[in-house]
Amino acid sequence: MTTFLELLITGISLGSVYALIALGFVIIFKSTEVVNFAHASLLLAGGYFAVVSRDTLGFWPALLVGIAGAALLGMLLEFLIIRRYRGRDHSVLAIVTIGIDIVLITELARRIGPEIFSYRDPWGNTLVQLGPVSIPQTRVAAFVVAGALITVFLLAFRYTSWGVAMRAAAEDRGTAALMGVRLGWISASAWAVAGALAAVAALFLSVFPTTGLDRETGLIALKAFPAAIIGGLDSTTGALAGGLIVGVTQSLATGYQSELSFLGNGIGDLAPYLVMVVVLLIRPAGLFGTRELSRV
Amino acid sequence: MEAAILRVRGLAAGYGPVHALSSVSLEVPDGAVTAVLGGNGAGKSTLLRAISGTLRFQGGAITGGTIEFAGERLDGRNAARVVAAGVVQVPEGRQVFARMSVADNLRAGALGARHGRRGEQEARERVFGLFPVLAERVHQRAGLLSGGEQQMLAMGRALMARPRLLLLDEPSLGLAPMMAARIADTIREINDQGTAVLLVEQNAALALNLATRAVVLETGTVALSGTAAELAASDEVRRRYLGVGDEDAAADAEAGIRAEHDHSDGHPTLRRWVA
């Protein structure tokens, strides 16, 4: 029972980090209709900016540098590249983002090399006792920070003018433009927010029990992809649900791997994709996604 | 005649190789309703899109001529700057943000204009005064409103930007006659409050009744223009857009009815299809 609780809590914490990444996917998809395959490199870039400035600046300022850097990079990508393809087919844009991803990942991997950077975060490897279960402090921090950021984002999405503009543009770009919504800003701000969230996720994917940020960290963003799909690519609520489902599934499948040994090794990494396939079989638009409706 | 608030001169526009407008000139007097009539494909919607700066969403562009609003050039401006100048379009088919609440739709309408919180509040009160039903349904999702209510919301949303000129694209499209008449009354009321209106309509009777001046577009050029009364009296408009005055057609129709009657041996002319 204790093991189960531990795994569950770990899963929820991990899931909230995936939710941060998935939320970025969803924001970009909603506002610009681009499936952003460059999200992994955006995450790695955010992490890289933070770890290289941590020695001179200290942890917290360096984290801010990482967040601001990833946000700026996202905006820059939108401004310099994505904007030129506006109005083109979605698949063209998706392929453009794959190209961006390859370039960025290659350059970042070259800079990072074989090293593993530690964030030297204030949490270290301390464990917290919650009744019978003990979990790393980093997991608690991840859950609290991700939860707070997601809440702030959802409130902004619901109540601010920016949020109204985002939702209007997501529903109908042409009509939003008629209302005077500046679509360029909407799209650039979506990329910035997604970059910032990814940079925060990079932090929590690199702290204890992980050894640190290395050139493979970006690959974890790929696990947030099933999270976004499970929830429905165009639903913010779906991103949260999807993130948690993926986190908990992965944690439980990894924890009970010995009982699941008939499925072979590494089922924990595979489980999220299995869940995704099952969800898509039952609900092709994801749990909270809008089905494509067309009137005849 | 009052001073023109909108001047379109020699406007040409197209979608790639397709020319939709060639050399369209018209003037919209300040504080009045001006109607644009014409059949399908005459270029009415293209004209509005050219003014509101949204042609490029359909892959179109202005290829010649000028659009001047209150002394400022509008052609070449993007949609957001046209709204900021005081020209707002209500799109054809209403296009409310169906998944957002009525309140959020109205907020979206105020995004393009910078009138501050006070200005937004005043605009909202004006909209609720014009359309009390929107105040009642303020928390409902716009997609759940009826067609007429959605048209009201689309118009209210546009008024949130406090435009000096309102562009209306087929406001009566797909509405029951009674609802269309109510929308017409509201357009008159909006105009009485000082907003100039450029009205594109297929329903020529409704449009000519509201407008002081009107132009008729045919295959991308202005075929006729004048006061609404002049156009309503002209044979061509009566025949082609008001559906009256075509003696031959009327005679044919009557003959048809008579023939039907002869065959029916005293049964009523209207019959149901029976399987």
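Residues numbered from 1 in each chain as written. Chains lettered and ligands numbered in written order. Predicted model: local features only at pLDDT ≥ 70, side-chain atom pairs only at ≥ 80, totals over all residues.

Where an unreviewed UniProt entry is consulted, chain B appears under the name ATP-binding cassette domain-containing protein, with the organism given as Streptomyces calidiresistens. Quoted verbatim from the Sequence similarities (unreviewed entry) field of UniProt, the annotation for chain B is "Belongs to the ABC transporter superfamily." (UniProt positions renumbered as here; feature names shortened; annotations may be inferred.)

Going by an unreviewed UniProt entry, chain A carries the name Branched-chain amino acid ABC transporter permease and comes from Streptomyces calidiresistens. Under the Sequence similarities (unreviewed entry) heading, UniProt states for chain A: "Belongs to the binding-protein-dependent transport system permease family. LivHM subfamily."

**A word on the overall build of chain B**
In terms of helices and strands, chain B carries 11 helices and 10 strands. Residues classed as buried in chain B amount to 43% of the 275 residues present. Contacts in chain B between residues at least 24 apart in sequence constitute 68% of all its contacts with a sequence separation of at least 6. (Helix = DSSP H or I, 4+ residues; strand = E, 2+ residues; numbered from the N terminus. Buried ≥ 20, exposed ≤ 12 C-beta atoms within 10 Å, placed from the backbone. Contact = placed C-beta atoms within 7 Å.)

**A word on the overall build of chain A**
For chain A, the helix and strand inventory stands at 11 helices and 2 strands. Each helix and strand of chain A, placed in order from N terminus to C terminus, yields the pattern α-α-α-α-β-β-α-α-α-α-α-α-α. Compactness check: chain A gives a C-alpha radius of gyration of 19 Å against a globular reference of 19 Å for 296 residues, within 12% of the reference. For the C-alpha atoms alone, the extent of chain A along its principal axes is close to 60 × 50 × 35 Å. When the 296 residues of chain A are sorted by exposure, 50% land in the buried category. (Rg over C-alpha atoms; globule rule 2.2 N^0.38 Å.)

**Overview of the confidence of the model for chain A**
Here chain A averages 88 in pLDDT, while 98% of its residues score no lower than 70. No element of chain A has a lower mean pLDDT than strand 1 (residues 127–130) of chain A, at 84, and none a higher one than helix 3 (residues 59–80) of chain A, at 94. (pLDDT = per-residue confidence, 0-100.)

**A few points about the nonpolar core**
Of all hydrophobic cores here, the largest spans 179 residues; its most connected members are Ala-22, Val-181, Ala-198 and Ala-201 of chain A together with Ala-35 and Leu-199 of chain B. No other element matches helix 8 (residues 183–206) of chain A, which puts 18 residues into this core. (Core = buried A, V, L, I, M, F, W, Y, C linked by C-beta atoms within 7 Å.)

**Regarding the interface of chain A and chain B**
With 15 residues of chain A at the interface, the matching set in chain B holds 23 residues. Mapped by element, the contributors of at least two residues to the side of chain A that touches chain B are helix 6 (161–171) and helix 7 (173–178) of chain A. By residue class, the composition of the side of chain A that touches chain B is 7 nonpolar, 4 polar and 4 charged. (Nonpolar A, V, L, I, M, F, W, Y, C, P; charged D, E, K, R; others polar.)

**Re the sheet that holds strand 8 (residues 196–200) of chain B**
All names here are of chain B. Spatial ordering of the open sheet is given by 6-7-8-3-9-10, a layout of 6 strands whose pairing is mixed. Whereas interior strands pair on both sides, the edge strands pair on one side only; in this sheet they are strand 6 (87–90) and strand 10 (221–227). When strand polarity is set aside, the average angle formed by the axes of neighbouring strands in this sheet is 15°. As paired elements, strand 6 and strand 7 (residues 165–169) share 4 bridges and run parallel to each other. Bridge pairing links Gln-89 to Leu-167 in strand 7. Against the sheet, helix 1 (residues 44–52) touches strand 3 (33–37), strand 6, strand 7, strand 8 and strand 9 (213–218), its axis set at about 145° to strand 7. The strands touched by helix 6 (residues 147–159) within the sheet are strand 6 and strand 7, with strand 6 carrying the most contacts at an inclination of about 170°. (Pairing = 2+ DSSP bridges. Axes fitted to C-alpha atoms, helices over the stretch in contact; angles between N-to-C directions.)

**Here we look at the pairing of strand 3 of chain B**
Residues and elements named next belong to chain B. Counting buried residues in strand 3 gives 5 out of 5 residues, a clear majority hidden from the surface. Covered by surrounding structure in strand 3 are Val-33, Ala-35 and Leu-37 together with Thr-34 and Val-36, the residues of both alternating faces. Strand direction decides the pairing type here: strand 3 and strand 8, joined by 4 bridges, are parallel. By the bridge assignment for strand 8, Ala-35 is matched with Leu-199.

**Thoughts on the sheet that holds strand 2 (residues 18–29) of chain B**
Residue and element names in this part refer to chain B. Ordered by their spatial adjacency, 4 strands build an open sheet running 2-1-4-5, and the pairing between neighbours is antiparallel. With partners counted over all chains shown, the strands left at the sheet margins are strand 2 and strand 5 (72–73), one partner each. Of the pairings in the sheet, the one linking strand 1 (residues 4–15) to strand 2 comprises 8 bridges and is antiparallel in character. Bridging across to strand 2, Tyr-15 finds its partner in Val-18.

**Notes on the packing of helix 1 (residues 2–32) of chain A against helix 5 (residues 137–159) of chain A**
Residues and elements named next belong to chain A. With their axes 8 Å apart at the nearest point, helix 1 and helix 5 run at an angle of 40° to one another. Relative to helix 5, helix 1 is oriented so that their crossing is left-handed. Seen from helix 1, the contacting residues are Thr-10, Ile-12, Ser-13, Ser-16, Val-17, Ala-19, Leu-20 and Leu-23; seen from helix 5, they are Arg-139, Ala-142, Phe-143, Ala-146, Gly-147, Leu-149, Ile-150 and Phe-153. Looking at side-chain class alone, the contact of helix 1 with helix 5 contains 11 nonpolar, 4 polar and 1 charged residues. (Left-handed = near helix turned anticlockwise from the far one by under 90°.)

**With respect to the UniProt feature "transmembrane region" (unreviewed entry) in chain A**
Residues and elements named next belong to chain A. Under the present numbering, the feature "transmembrane region" (unreviewed entry) in UniProt falls on residues 6–27, 58–80, 92–113, 140–157, 183–208 and 270–290. Note that residues 92–113 is 95% helix and 0% strand, and that its end C-alpha atoms are spaced 31 Å apart. Within residues 183–208, the helical portion is 92% and the strand portion 0%, while the C-alpha atoms at the span's ends are 40 Å from each other.

**So, the confidence of the model for chain B**
Regions with low pLDDT should not have their predicted coordinates read in detail. Confidence in the prediction for chain B averages 86 pLDDT; 88% of positions are at 70 or higher. Two numbers describe this predicted complex: its pTM, 0.84, and its ipTM, 0.82.

**Things to note about helix 5 of chain A**
All names here are of chain A. Along its 23 residues, helix 5 runs 33 Å from first to last C-alpha, staying within 8% of the 33 Å computed at 1.5 Å per residue. Every buried residue belonging to helix 5 is among Thr-138, Arg-139, Ala-142, Phe-143 and Ala-146, and all of these are buried. The elements touched by buried residues of helix 5 are helix 1, strand 2 (133–136) and helix 8. (Expected span 1.5 Å × (residues − 1).)

**Observations regarding the pairing of strand 4 (residues 61–69) of chain B**
Residues and elements named next belong to chain B. Of the pairings in the sheet, the one linking strand 1 to strand 4 comprises 7 bridges and is antiparallel in character. Within strand 4, the residue paired with Ala-13 across the bridge is Ile-62. As consecutive antiparallel partners, strand 4 and strand 5 are separated by 2 residues, and within that stretch Ala-70 has a phi angle of approximately 50°, a positive value.

**Describing unusual backbone geometry**
For the peptide bond that leads from Phe-208 of chain A to Pro-209 of chain A, omega is 5°, which places it in the cis range. Counting through the fold element by element, Pro-209 of chain A comes out in the loop between helix 8 and helix 9 (221–231). Of note in this structure, Arg-94 of chain B is not a glycine but carries a positive phi near 70°. Relative to the elements of secondary structure, Arg-94 of chain B occurs in the loop between strand 6 and helix 3 (102–109).

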